[in-house]
Amino acid sequence: MSEDMPDSLIPYDEIVQEALRAVVGRVLGEVVATGGNLPGAHHFYITFKTHAPGVSIPPHLKERFPDEMTIVLQNKFWDLTVDAVGFSVGLSFNQIPSKLEIPFSAITAFVDPAVDFGLQFQASMPDDVPPPHDDAENDSPVAAVDDGSNVVTVDFGKKK
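Every chain is numbered independently, its residues counted from 1 as its sequence is written. The model is predicted, so local features are restricted to residues of pLDDT at least 70 and side-chain atom pairs to those at 80 or more, both for listing and for counting; the totals for chains, interfaces and linings are taken over all residues. Side-chain numbers here rest on the full set of heavy atoms in the structure, without hydrogens or water.

(A) Structural view of the nonpolar core. Counting residues in each nonpolar core, the largest one holds 30 residues, and the members touching the most others are Ile46, Phe48, Met69, Ile71, Leu73, Phe87 and Leu100. Looking at this core, the elements that each hand over two or more residues are helix H1 (12-33), strand E1 (44-49), strand E2 (68-73), strand E3 (77-82), strand E4 (86-93), strand E5 (96-103) and strand E6 (107-112). Leucine 100 has contacts with Phe48, Ser56, Ile57, Met69, Ile71, Phe87, Ser88, Val89, Leu91 and Phe93, leaving out every residue within four places of it along the chain. Only buried residues count toward a nonpolar core. Its members are Ala, Val, Leu, Ile, Met, Phe, Trp, Tyr and Cys residues joined through side-chain atoms within 4.5 Å. Residue exposure (1.4 Å probe, protein chains only): buried if accessible area is under 20% of the type maximum, exposed if over 50%, otherwise partly exposed. Comment: elements are numbered from the N terminus, with helices defined as DSSP H or I runs of at least four residues and strands as E runs of at least two. In what follows, residue pairs with any heavy atoms lying within 4.5 Å of each other are defined as contacts.

Listed below in structure tokens is the structure:
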């Protein structure tokens, strides 16, 4: 592509991000359709922006994870529901049950380590970035995630 190519008037990056987030919705919807049971060894790491519009998590989690949080859907989760804009799920953090509501637009990463599959999404970062955080440590065992070749990263650079 040449440098004098005009900026697109079609928001391709937004369209692709929305389509990839729909993959997450479909996968979670299939889990709901099978009674909330994950097939085989499948389990999911889902990272999301805690202050994104539509995110609803308990205040103590929002304080502990002021920017981003990763949850694990594996052994101990309940009441998973999925709709067109997001999902809600019950998880336990330090033996305290919590309900989380997460719109798909808040998700920044989705990984299924059982099959070495992952998606990463662009996230708009505010000028003042909060400090790094610890993992959420919900009450599921944590397995190492391989940085395999099935991770899909879409990054549309903006022309200056």
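The discussion continues.
(B) Focus on the pattern of salt bridges. Each salt bridge in this description consists of a side-chain nitrogen of Lys or Arg and a carboxyl oxygen of Asp or Glu lying within 4 Å of one another. For the structure shown, the criterion picks out 4 salt bridges. When the shortest N-O distance is used, the salt bridge between glutamate 30 and arginine 26 registers 3.6 Å. Here arginine 26 and glutamate 30 lie together in helix H1, a separation of 4 residues that amounts to about one turn. Judged by relative accessible area, which is 46%, glutamate 30 ranks as partly exposed. One salt bridge connects aspartate 67 with lysine 49, and the closest N-O pair in it is separated by 3.2 Å. A residue pair is termed long-range when its members are at least 10 positions apart, and aspartate 67 in the loop between helix H2 (59-64) and E2 and lysine 49 in strand E1 qualify at 18 residues.

(C) Structural view of the sheet that holds E5. If DSSP finds at least two bridges between two strands, the strands pair. Here we have 3 strands laid out as an open sheet, ordered E3-E4-E5, and antiparallel in their pairing. Each having just a single partner strand, E3 and E5 make up the two edges of the open sheet. In this sheet, adjacent strand axes meet at a mean angle of 15 degrees when their direction is disregarded. Relative to E4, E3 runs antiparallel, the two sharing 4 bridges. What sits directly across from threonine 81, in E4, is serine 88. The axes are straight lines fitted to the C-alpha atoms, using for helices just the contacting stretch, and the angles between their N-to-C directions are given from 0 to 180°.

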